[in-house]
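Each chain, written out:
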Amino acid sequence: MRIVGVLLAAGRGTRFGADKLLAPLTQSRADAAAPTCVAVAAALHLASAVPDSLAVVRDDADVLAQRLRGAGLRVVRCERADEGMGASLACGVAAAPDADGWIIALADMPWIMPSTNGAIVAALVAGADIVAPSYRGERGHPVGFGRRHYAALASLGGDSGARAVVERERDRLTLVDVSDAGVVRDVDFPSDLEEGESPMPGKSA
């Protein structure tokens, strides 16, 4: 069964004040070399559990693309990236049309543990239709989708991501309880990079 990881790395991160995906992490988990940057940490944690992974970047993101290739991901440049997360997600899924499922991860969530990514893979392989981690009752990322959602995901646009797909299919959603606070912690501002910061609310897929 072929499960493909899709790392969404095409946002501009305007609230951060710079390219947040290239911002350095002073400390990461033991399974990712430190120091590294936000997007590379997220890529390493995804690829360690989902070796068949790709990253979606903007057309002009040459440095980011190079670093993500170095982390072992195939890079897909999305001409529609400025439309929003939905368009980037569609580009990523469409780049792996023969997959049996996709795990959609966000490049500004560098603290998700590889074991969490692995649990999402395992749930899809076991037959889950849509699957997401849950930390202390809060749904987080990444989100896995089975094969039958290809058309819906590949036709997304705008900035809403796959939220509408998840909401429409809520009765098919499997939640996997994890002890990984990284599933609900992202980077929006420089202060979010502090290791002691409380988990930030996650973004909708």
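Residues numbered from 1 in each chain as written. Predicted model: local features only at pLDDT ≥ 70, side-chain atom pairs only at ≥ 80, totals over all residues. Heavy atoms only, no water.

Draft legend 1. The side chain of Asp192, seen in detail. Assignment of secondary structure puts Asp192 in the segment after strand S10 (173-177). Of the side chains bearing the opposite charge, Arg185 lies closest to the buried Asp192, which forms no salt bridge; the N-O distance is 6.9 Å. Within the structure, the side chain of Asp192 is placed 2.8 Å from the backbone nitrogen of Asp188, a separation counted as a polar contact. (Helix = DSSP H or I, 4+ residues; strand = E, 2+ residues; numbered from the N terminus. Buried < 20%, exposed > 50% of the residue type's maximum accessible area, 1.4 Å probe, protein only. Lys, Arg positive; Asp, Glu negative; His and termini not counted. Salt bridge = Lys/Arg side-chain N within 4 Å of Asp/Glu carboxyl O. Polar contact = N/O pair within 3.5 Å; in protein donor to acceptor, adjacent residues only side chain to side chain.)

Draft legend 2. The arrangement of the packing of aromatic side chains in detail. This structure, assessed with the given rule, holds one aromatic pair. Ring geometry for Trp102 and Tyr150: centres 5.7 Å apart, planes at 35°, overall tilted. Of this pair, Trp102 sits in strand S6 (residues 101-106) while Tyr150 sits in helix H5 (residues 150-154), and the two are 48 residues apart along the sequence. The class of Trp102 is buried, set by a relative accessible area of 0%. With relative accessibility at 22%, the residue Tyr150 sits in the partly exposed group. Positioned above the aromatic ring of Tyr150, the side-chain terminus of Arg147 is 5.2 Å from the ring centre. The cationic tip of Arg185 hangs over the ring face of Trp111; the distance from NZ or CZ to the ring centre is 3.6 Å. (Phe/Tyr/Trp six-rings, centres within 6.5 Å; stacked < 30°, edge-to-face > 60°. Lys NZ or Arg CZ within 6 Å of the ring centre and 35° of its normal.)

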